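The primary structure of each chain is shown beneath.
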Amino acid sequence: MKRGILVTGGAGYIGSHVVKQLGAIGERLVVLDNLSTGFADAVLYGDFVEGDSGDMDRVETLLRDYDVDAVLHFAAHTIVPESVADPLKYYGNNTCKTRNLLQCCAEAGVKHFIFSSTAAVYGIPPGAYAAEDSPPAPINPYGTSKWMSEMMLRDLSQSSDLKHVILRYFNVAGSDPEGKIGQSTRKATLLIKVAAEVAAGKREKLLIFGTDYPTPDGTGVRDYIHVSDLADAHVQALRYLRAGGTSVTLNCGYGHGYSVRQVVDQVNRVNGLPIAVEEQPRRPGDPPELVAAVEKIRRVLDWTPKYDNLEVIVRTSLEWERKLAVRRA
Ligand code: UD1
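Residues numbered from 1 in each chain as written. Predicted model: local features only at pLDDT ≥ 70, side-chain atom pairs only at ≥ 80, totals over all residues. Heavy atoms only, no water.

Student: Tell me about the nonpolar core, and name the residues and values.
Tutor: What tends to happen in soluble globular proteins is that the nonpolar side chains get buried as a cluster. I14 and V165 are the most contacted members of the largest nonpolar core, which has 65 residues in total. The element contributing the most residues to this core is helix α7 (residues 227-242), with nine residues. No fewer than three residues from each of domain 1 (4-173 + 224-252) and domain 2 (191-223 + 255-328) sit in this core. Not counting residues within four places of it along the chain, the set of residues in contact with V165 comprises F113, I114, F115, A237, Y240, L241, V248 and L250. Core analysis: the second largest hydrophobic core is formed by 21 residues, V30, Y66, V68 and V110 among them. (Core = buried A, V, L, I, M, F, W, Y, C linked by side-chain atoms within 4.5 Å. Buried < 20%, exposed > 50% of the residue type's maximum accessible area, 1.4 Å probe, protein only. Helix = DSSP H or I, 4+ residues; strand = E, 2+ residues; numbered from the N terminus. Domains from an automatic or database assignment. Contact = heavy atoms within 4.5 Å.)

Student: So what's going on with helix α4 (residues 87-108)? Which residues, and what values?
Tutor: In this model α4 runs 31 Å from its N-terminal to its C-terminal C-alpha over 22 residues, within 8% of the 32 Å that 1.5 Å per residue would give. Contacts from the buried residues of α4 go to β1 (4-8), α2 (56-65), β4 (68-73), α3 (80-85), β5 (112-118) and α5 (141-159). Looking at the residues trailing α4, positive phi occurs at G109, about 70 degrees. (Expected span 1.5 Å × (residues − 1).)

Student: So what about the packing of α4 against α5? Which residues, and what values?
Tutor: Direction vectors running N to C along α4 and α5 enclose 15 degrees, while the axes themselves pass 8 Å from each other. If you check the angle between α4 and α5, you find them roughly parallel. Two packed elements cross with a definite hand, and for α4 against α5 that hand is right-handed. Listed contacts from α5 to P87, Y90, Y91, N94, T95, T98, R99, L102 and A106 of α4 are P141, Y142, T144, S145, K146, M148, S149, M152, L153 and L156. In terms of residue class, the contact of α4 with α5 is made up of eleven nonpolar, six polar and two charged. (Axes fitted to C-alpha atoms, helices over the stretch in contact; angles between N-to-C directions. Parallel < 35°, antiparallel > 145°, perpendicular 65-115°, else oblique. Left-handed = near helix turned anticlockwise from the far one by under 90°. Nonpolar A, V, L, I, M, F, W, Y, C, P; charged D, E, K, R; others polar.)

Student: Could you give me a rundown of the packing of aromatic side chains, with the residues and numbers involved?
Tutor: If you walk through the whole model with that rule in mind, you get two aromatic pairs. Look at Y90 and Y142: their rings are 6.4 Å apart centre to centre, the planes differ by 90 degrees, and that puts the pair in the edge-to-face class. Placement of Y90 in helix α4 and of Y142 in helix α5 is noted, with a sequence separation of 52 residues between them. Classification of Y142 as buried rests on a relative accessible area of 9%. Relative to F170, the ring of Y122 lies with its centre 6.2 Å away and its plane at 35 degrees, an arrangement referred to as tilted. A residue pair is termed long-range when its members are at least 10 positions apart, and Y122 in the loop between β5 and β6 (129-130) and F170 in the loop between β7 (163-169) and β8 (171-173) qualify at 48 residues. Side by side, Y122 and F170 carry an identical accessibility label, which is buried. (Phe/Tyr/Trp six-rings, centres within 6.5 Å; stacked < 30°, edge-to-face > 60°.)

Student: Give a detailed account of a negative patch on the surface, specifying residues and quantitative values.
Tutor: Together, D55, D57, E60 and E107 make up a negatively charged patch on the protein surface. The residue E60 is located in helix α2 in this model. (Patch = residues over 30% accessible without salt bridge, like charges linked within 9 Å, V, L, I, M, F, W, Y side chains within 5 Å. Areas by Shrake-Rupley, 256 points an atom, 1.4 Å probe, with all protein chains shown as cover. Salt bridge = Lys/Arg side-chain N within 4 Å of Asp/Glu carboxyl O. Lys, Arg positive; Asp, Glu negative; His and termini not counted. Charge placed at Lys NZ, Arg CZ, Asp CG, Glu CD.)

So this is what it looks like as structure tokens:
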């Protein structure tokens, strides 16, 4: 029987897109998710187990029963302002549970570990571009909780046979182009999701946080990456590790950015009608511009993005949001 892959948080936005791609190529999957933010019906392949990635007994059993050789760890809380208001929730869920999971992996002799990290580990870098060797300097507990997990993983890899790929996600957006799954996150705060909710009539308006940044049009610039390209980066990372690759940290982005106004213009074009916006002061903690240096991921992984196109990102987001609106009605 084929060796298994444990996917924690596989019922969530990014995890479910990775499960879809791994399932489609015939991988044997077991998905562990406590459904705190995920949805069981987003898991299109593999066996779904409702439970917590920090539950060591449960994890130990799954690693044994599925003869797991690789773990992909998505389960985490991801809302930056919430992490500021309730830091221990983030250190408990993101950092402590990752420690428990790593202990189970070490004890079971799991060889490959792929970890969902974030551009938030960079904090506010001096220039627009953040490279993997830029010193991490997170400015919120969310970023710190992920950075601490990165360090545990690095140390464990040095002291054992486990090899890892840390993927630092920039601004993930868009939904499965086949329309089977998408971003269903409740209480969304991310720009493209919020804009799509306005276009679909779920929200009244989009607030633009800051119009006086030192950027070409005064609004914040980010590197938006389509979730299906990000999912493919995980598939390639797994291939890399199984081929004997050494532990590595890689940015996941396209290497160029769009401003909030450019995103809004694109949403208006796809929507056919302008969405309501309101200009607001800057949101505390937002860097003016944050773009991934992408030379390393392109060199190390055989990863060729397919959806590096803002129109596609926005269109797939809107299509999914309209589906959700029909379900709600
Ligand atoms: C933040 C984190 C990032 C994390 C992501 C998901 C930081 C610096 N970044 O990304 O690491 O992975 O959340 O948790 O901590 N904007 C508006 N109106 C809105 C929403 C956003 O104008 O309603 C603007 C923001 O000011 C920013 C851009 O849109 O310029 C993107 O913001 P957002 O989608 O919230 O993501 P980040 O803050 O970049």
